[in-house]
Amino acid sequence: MSAFSKALGVSASGLNAQAQRLRIVSENVANTDTPGYRRKTVAFSEDVEHSGIAKVAVERISLDRRSGEKIYDPGHPMADQTGHYTGSNVDLIVEIADTREAQRSYEANLKMFDQARQMSSGLVDLLRK
């Protein structure tokens, strides 16, 4: 395996991991107002292949352990005897920050992928001469 294909593989794994992270963040944002919804979080790990190349992998997707906000609405179907029900534990500010971080990481991996592709193309052009 050439160094260029290894670089492409590493950056592609980063792109995939950040795409999965953005999917989870979008699920969290979509369920902000869903009663009882628990925020999902993504944990990454290093996946070392037999060739010795370390790639990024999604280790697990877990639920945030924080309790949801108590909301007073006696008319809500999920309200208890006191008129409260448990809302989601999604904080939109945190989700926006996670989105920006994932976007920046995605862009960095995309730039690395493009640089490796350009270098490979340049090498092929030099070999043709």
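Structure: above.
A short tour of the structure in this document, coming up.

Definitions and limits used
- Residues numbered from 1 in each chain as written.
- Predicted model: local features only at pLDDT ≥ 70, side-chain atom pairs only at ≥ 80, totals over all residues.
- Heavy atoms only, no water.
- Helix = DSSP H or I, 4+ residues; strand = E, 2+ residues; numbered from the N terminus.
- Rg over C-alpha atoms; globule rule 2.2 N^0.38 Å.
- Buried < 20%, exposed > 50% of the residue type's maximum accessible area, 1.4 Å probe, protein only.
- Areas by Shrake-Rupley, 256 points an atom, 1.4 Å probe, with all protein chains shown as cover.
- Lys, Arg positive; Asp, Glu negative; His and termini not counted.
- Charge placed at Lys NZ, Arg CZ, Asp CG, Glu CD.
- Contact = heavy atoms within 4.5 Å.
- Pairing = 2+ DSSP bridges.
- Salt bridge = Lys/Arg side-chain N within 4 Å of Asp/Glu carboxyl O.

With that out of the way, let us pick up the overall build of the protein chain. A count of helices and strands for the protein chain gives two helices and four strands. When its helices and strands are written in sequence order, the protein chain yields α-β-β-β-β-α. In terms of overall size, the protein chain is more extended than a compact globule, its C-alpha atoms giving a radius of gyration of 22 Å where 129 residues would be expected to give roughly 14 Å. Its C-alpha atoms put the protein chain at 80 × 25 × 20 Å along the principal axes. Residues counted as buried form 24% of the 129 residues belonging to the protein chain. By element, 54% of the accessible surface of the protein chain is carried by carbon and sulfur atoms, the whole surface being about 8,600 Å². For the protein chain, the distance from the average position of its 17 positive side-chain charges to the average position of its 17 negative side-chain charges is 7 Å.

A few words now on the side chain of Glu95. Relative to the elements of secondary structure, Glu95 occurs in helix α2 (residues 92–128). According to the relative accessible area criterion, Glu95 is buried, its value standing at 1%. Filtering out sequence-adjacent residues up to four positions away, Glu95 remains in contact with Val25, Asn28, Val29, Arg39 and Val90.

What follows covers the pairing of strand β2 (residues 54–63). Here strand β1 (residues 40–48) runs beside β2; their pairing, made up of nine bridges, is antiparallel. Directly across from Ala43, in β2, lies its bridge partner Arg60. From the end of β1 to the start of β2, which pair antiparallel, there are five residues, and Gly52 there has a positive phi angle of about 90°.

Turning our attention to the pattern of salt bridges. Taken as a whole and assessed by the stated rule, the structure comprises eleven salt bridges. For the salt bridge of Glu27 with Lys40, the shortest nitrogen-to-oxygen distance reads 2.8 Å. Residue Glu27 is located in helix α1 (residues 3–30), and its partner Lys40 is located in strand β1; the two are separated by 13 residues in the primary sequence. Look at Glu27 and you get partly exposed, because its relative accessible area is 23%. Look at Lys40 and you get partly exposed, because its relative accessible area is 25%. Several salt bridges share partner residues, and in doing so they unite Arg21, Arg39, Asp64, Arg66, Glu95, Asp98 and Glu101 into one network.

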